[in-house]
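Coordinate inspection notes
Listed below, chain by chain, are the residues.
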Amino acid sequence: MELEKAIKRFIPMSETMFYILFSLQEERHGYGIKQFVQELTRNRINLGSGTIYQSISKLEHDELILSTKEIDRKKLYLITPLGKEILRLEGLRICEMYSVAKKLL
């Protein structure tokens, strides 16, 4: 997928999608993603299997992640360069929102 199309499709992205994509900066399988996000958010977000695998399917289809290997019937995934760029752009958008929102605090 081209960068401009990916920007239109994924930015802004849901918090869930952000954390799933963020977690795939290292190879992980579905359950590994669930555990990582739960730990990262101090149990605030508890992803269900349906959410994880639906998001993985969308991200893989649009070439933001790729399947790297399968171990004991567990598929491992990793972010692609396109996924890293989309994640970076979304991070910039979130930082901009934070700089505005902190004026309210």
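Residues numbered from 1 in each chain as written. Predicted model: local features only at pLDDT ≥ 70, side-chain atom pairs only at ≥ 80, totals over all residues. Heavy atoms only, no water.

Attention now goes to the packing of helix α2 (residues 15-23) against helix α4 (residues 49-61). The N-to-C vectors of α2 and α4 enclose an angle of 70°; their axes lie 10 Å apart at closest approach. Comparing the axis directions of α2 and α4 gives the class roughly perpendicular. From α2, Thr-16, Met-17, Ile-20 and Leu-21 reach across to α4, where they touch Thr-51, Ile-52, Ser-55, Lys-58 and Leu-59. Of the residues in the contact of α2 with α4, the class split is 5 nonpolar, 3 polar and 1 charged. (Axes fitted to C-alpha atoms, helices over the stretch in contact; angles between N-to-C directions. Helix = DSSP H or I, 4+ residues; strand = E, 2+ residues; numbered from the N terminus. Parallel < 35°, antiparallel > 145°, perpendicular 65-115°, else oblique. Contact = heavy atoms within 4.5 Å. Nonpolar A, V, L, I, M, F, W, Y, C, P; charged D, E, K, R; others polar.)

Inspection of the sheet shows strand β1 (residues 65-71) paired to strand β2 (residues 74-79) by 6 bridges, in the antiparallel sense. In the strand pairing of β2, Ile-65 is matched with Ile-79. The loop that links β1 with its antiparallel partner β2 comprises 2 residues; one of these, Asp-72, has a positive phi angle of about 50°. (Pairing = 2+ DSSP bridges.)

This part covers the packing of α2 against helix α3 (residues 30-40). Axes are the key here: two packed helices are described by the angle between their axes and the distance separating the axes. Packing of α2 against α3 leaves a shortest axis separation of 10 Å and a crossing angle of 110°. Comparing the axis directions of α2 and α3 gives the class roughly perpendicular. With respect to the hand of their crossing, α2 and α3 are arranged in right-handed fashion. Along its contact with α2, which presents Tyr-19, Ile-20, Phe-22 and Ser-23, the element α3 presents Ile-33, Phe-36, Val-37 and Leu-40. Of the residues that constitute the contact of α2 with α3, the class distribution is 7 nonpolar, 1 polar and no charged. (Left-handed = near helix turned anticlockwise from the far one by under 90°.)

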